[in-house]
Amino acid sequence: VYSRSEIVILESVFESVDEHVGAHIWQHCVTGLLRSVAAKDTQRARTVVLVTHNIKNMDDADRVLLMSQGRVEFQGAASELRSHPRFQTTLRALQV
């Protein structure tokens, strides 16, 4: 989190925490500290790649990629992807 790297990759950070802790990590780490450290040090946005099955904060992402069997099925803004029929089917399956 305190790294000054331009690209930060986070994998499975929400899988082993409850919803309250996950919300705290999202607000204070992913969208808070990671962005503020980048802005202060480099005057440009830092790229944060979040690999997760958790779709709760998907609308806050600049770009969403849905992968299946190693292939990119969808990419773009969450608002654009929500209208795609296959994406809606995939979301319903994930939320069960």
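In case you missed it, the structure is sitting above this.
From a predicted model like this one, the values you see are computed outputs, not experimental measurements. (Residues numbered from 1 in each chain as written. Predicted model: local features only at pLDDT ≥ 70, side-chain atom pairs only at ≥ 80, totals over all residues. Heavy atoms only, no water.)

Q: Give me the lowdown on the overall build of the chain, citing residues and values where you can.
A: Counting its secondary structure elements, the chain contains 3 helices and 4 strands. Helices and strands in the chain line up, N terminus first, as β-α-β-β-β-α-α. A total of 96 residues make up the chain; the buried ones form 23% of that total. Pairs at least 24 apart in sequence give 52% of the contacts found in the chain among residues at least 6 apart. Total accessible area on the chain is roughly 7200 Å²; 51% of this is exposed by carbon and sulfur atoms. (Helix = DSSP H or I, 4+ residues; strand = E, 2+ residues; numbered from the N terminus. Buried < 20%, exposed > 50% of the residue type's maximum accessible area, 1.4 Å probe, protein only. Contact = heavy atoms within 4.5 Å. Areas by Shrake-Rupley, 256 points an atom, 1.4 Å probe, with all protein chains shown as cover.)

Q: Please set out the nonpolar core residue by residue, giving values where relevant.
A: One finds Met58, Val64, Leu66, Phe74, Ala78, Leu81, Phe87 and Leu91 forming the largest nonpolar core, which totals 8 residues. Those elements that provide at least two residues to this core are strand S3 (64–68), helix H2 (78–81) and helix H3 (85–95). Dropping the residues within four chain positions of it, leucine 91 is found in contact with Ile55, Met58 and Arg82. Residues Val8, Leu10, Phe14 and Leu34 belong to the second largest nonpolar core, which totals 7 residues. (Core = buried A, V, L, I, M, F, W, Y, C linked by side-chain atoms within 4.5 Å.)

Q: Requested: an account of the pairing of S3, with residues and values cited.
A: On a regular strand, one side chain projects to one face of the sheet and the next to the other, so that they alternate. Two strands pair when backbone bridges link them, and S3 and strand S4 (residues 71–76) are joined in this way by 5 bridges, in the antiparallel orientation. The residue bridging serine 68 from the neighbouring strand is arginine 71, located in S4. Where S3 folds back on S4, the antiparallel hairpin that results is connected by 2 residues, among which glutamine 69 adopts a positive phi of roughly 55°. (Pairing = 2+ DSSP bridges.)

Q: Which residues make up the environment of arginine 82, and what are the values?
A: Inspection of the secondary structure assignment puts arginine 82 in the loop between H2 and H3. By relative accessible area, which is 33% here, arginine 82 ends up partly exposed. Taking the C-alpha atoms as reference points, arginine 82 and aspartate 59, 23 residues apart in sequence, are found 9.9 Å from one another. Non-local contacts of arginine 82, meaning those with residues more than four positions away in its chain, are made with Met58, Asp59, Phe87, Gln88 and Leu91.

Coordinates in, geometry out; function isn't part of it.
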